[in-house]
Amino acid sequence: LESQLVQILPGEKKAILTMDDGETIDLGDNTTKSMQEKDGTQILIDSTQLNYQLAENTQKTEQTIYNKIDVPRGGEYTLTLSDGTKVYLNAMSSLRFPVRFTDNTREVELEGEGYFEVTPNIKPFIVKYNNVAVEVLGTSFNISAYSDEESHTTLVNGSVKVSMGTGESTILKPSQQAYVKPGSNELNVRVVDTSQYTSWINGKIYFKDERLEDIMNQLSRWYDMSVFYAEPSIKDI
């Protein structure tokens with residue numbers, strides 16, 4: 001077989017937004033536009049980010065309206081929620097969130113990886129993933145929750161409470177990381193170099209003392225590529 005040279009491109013700003021009524025919108029078409037949810041919430045869309053803004057005519061309804069954003073392989077995207085919280089989503093990630101926070105808490109659901117810069121508010125901000133809930137008032141932290149991989153919450157500043165569905169919980173300090181190994185319900189804490197887990201929001205991927213296969217798994221998401229090992233033993237290098 002002749003070898004082929006295939007161009008592998010870095011991640012792009014692209015995602016799919018699913019509205020409350022099921023309508024889907026491609027967020028990677030380099031267009032700038034404004035939309036309105038049925039409760040009046042303004043949604044500003046451009047090729048790099050999504051911005052939810054409460055309008056004067058926003059209707060205060062009992063029903064909570066949810067949107068969902070899905071980022072594919074080889075993609076990344078940024079959105080600002082209606083409370084001003086900024087969320088960076090990595091490749092193969094999704095976030096389900098209310099367009100307006102109507103309850104006593106600000107609650108969102110994450111799959112994959114996201115970096116959160118939470119706006120201080122008397123309403124606690126809660127991120128749910130797998131069997132874990134991360135609760136904050138206002139701070140910056142990263143969550144990685146890809147299926148079949150170790151999930152972890154990494155605190156950059158402030159404090160967060162990480163709780164398991166089993167009732168186990170812990171309060172993190174800056175530079176601490178709470179992690180759960182695949183197939184386990186045990187919550188563990190370690191001290192880490194936070195830049196290793198947050199550099200991706202600035203377009204850099206930082207590895208240190210990691211297995212080749214784990215490194216390539218991350219690169220395959222970022223570059224939308226598949227990796228084949230002619231010699232399986234090299235996965236553990």
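The rules behind each value
- Residues numbered from 1 in each chain as written.
- Predicted model: local features only at pLDDT ≥ 70, side-chain atom pairs only at ≥ 80, totals over all residues.
- Heavy atoms only, no water.
- 1 Å grid on protein atoms, 1.4 Å probe; cavity = no way out; pocket = protein on both sides within 12 Å on 5 of 7 lines; lining within 4 Å.
- Points joined across faces, edges and corners; volume = space filled by probe spheres on them.
- Helix = DSSP H or I, 4+ residues; strand = E, 2+ residues; numbered from the N terminus.
- Nonpolar A, V, L, I, M, F, W, Y, C, P; charged D, E, K, R; others polar.
- Buried < 20%, exposed > 50% of the residue type's maximum accessible area, 1.4 Å probe, protein only.
- Contact = heavy atoms within 4.5 Å.
- Polar contact = N/O pair within 3.5 Å; in protein donor to acceptor, adjacent residues only side chain to side chain.
- Pairing = 2+ DSSP bridges.
- Salt bridge = Lys/Arg side-chain N within 4 Å of Asp/Glu carboxyl O.
- Core = buried A, V, L, I, M, F, W, Y, C linked by side-chain atoms within 4.5 Å.
- Phe/Tyr/Trp six-rings, centres within 6.5 Å; stacked < 30°, edge-to-face > 60°.
- Lys NZ or Arg CZ within 6 Å of the ring centre and 35° of its normal.

### A few points about the layout of surface pockets
(1) Moving on: In this structure, the largest pocket spans a volume of roughly 590 Å³.
(2) Moving on: Forming the walls of the largest pocket are 26 residues, and the residues nearest its centre are Ser144, Glu149, His152, Glu210 and Gln218.
(3) Moving on: The set of elements that each furnish at least two residues to the lining of the largest pocket consists of α1 (195-198) and α2 (212-223).
(4) Moving on: Looking at the lining of the largest pocket element by element, the count peaks at five residues for α2.
(5) Moving on: For the lining of the largest pocket, the class distribution of residues is eight nonpolar, seven polar and eleven charged.

### Things to note about the environment of Asp224
(1) Moving on: Looking at the element boundaries, Asp224 is found in the segment after α2.
(2) Moving on: Taking the relative accessible area as the measure of exposure, Asp224 reaches 44% and is therefore partly exposed.
(3) Moving on: On a C-alpha basis, the gap between Asp224 and Asp148 in space is 18 Å, while along the polypeptide they are 76 residues apart.
(4) Moving on: Once you skip the residues sitting within four places of it in the chain, Asp224 turns out to touch Arg73, Gly74 and Leu219.
(5) Moving on: Of note is the side chain of Asp224, whose polar atom sits 3.1 Å from the side chain of Arg73.

### A closer look at unusual backbone geometry
(1) Moving on: You will see that Met92, though not glycine, has its phi angle at about 55°, which is positive.
(2) Moving on: Of note, Met92 is situated in the loop between β9 (86-89) and β10 (93-98).
(3) Moving on: Residue classification places Met92 among the partly exposed residues on the basis of a relative accessible area of 41%.
(4) Moving on: Of note in the backbone geometry, Asp209 takes a positive phi value of approximately 55° without being a glycine.
(5) Moving on: By the secondary structure assignment, Asp209 is in the loop between α1 and α2.

### Quick notes on the pairing of β10
(1) Moving on: A large share of β10 lies buried, amounting to five of its six residues.
(2) Moving on: Looking at chain direction, strand β7 (residues 66-71) and β10 are connected through six bridges and run antiparallel. Looking across to β10, one finds that Ile69 is bridged to Leu95.
(3) Moving on: In the sheet, β10 pairs with strand β11 (residues 106-117) via three bridges, with the strands oriented antiparallel. Within β11, the position partnered with Arg96 by the bridge is Glu109.

### Considerations on the pattern of salt bridges
(1) Moving on: Across all of its chains, the model carries 13 salt bridges by this definition.
(2) Moving on: Of the charged contacts in the structure, one is a salt bridge between Glu149 and Arg221, with a shortest N-O distance of 2.8 Å. Taken together, the positions of Glu149 in the loop between β14 (140-145) and β15 (151-157) and Arg221 in helix α2 put the pair 72 residues apart, joining distant regions of the chain.
(3) Moving on: Given a relative accessible area of 27%, Glu149 falls into the partly exposed group.
(4) Moving on: When the shortest N-O distance is used, the salt bridge between Glu150 and Arg190 registers 2.4 Å. Placement of Glu150 in the loop between β14 and β15 and of Arg190 in strand β19 (residues 188-191) is noted, with a sequence separation of 40 residues between them.
(5) Moving on: When its relative accessible area of 27% is taken as the criterion, Arg190 is described as partly exposed.
(6) Moving on: When salt bridges with common partners are traced through the structure, they connect Arg211, Glu213, Asp214, Lys235 and Asp236 into a single cluster.

### What about the nonpolar core?
(1) Moving on: Judged by nonpolar contacts, the single largest core of 43 residues is most densely connected at Leu50, Ile69, Leu95, Phe116 and Phe141.
(2) Moving on: Among all residues touching Leu95, those that are not within four sequence positions of it are Asn67, Lys68, Ile69, Leu79, Val87, Leu89, Val108, Glu109, Leu110 and Phe116.
(3) Moving on: Ile215, Met216, Met225 and Tyr229 belong to the second largest nonpolar core, which has five residues in total.

### Things to note about the packing of aromatic side chains
(1) Moving on: Evaluated as defined, the whole model comprises five aromatic pairs.
(2) Moving on: On the basis of an interplanar angle of 85° and a centroid distance of 5.2 Å, the ring pair of Tyr52 and Phe97 is categorised as edge-to-face. In this pair, Tyr52 is assigned in strand β6 (residues 49-53) and Phe97 in strand β10, connecting sequence segments 45 residues apart. Across this residue pair, the class does not change: Tyr52 and Phe97 are buried.
(3) Moving on: Of the aromatic side chains, those joined through ring pairs into one cluster are Phe101, Phe116, Phe125 and Phe141.
(4) Moving on: One residue, Arg221, lies across the ring of Tyr146, its end atom 3.5 Å from the ring centre.

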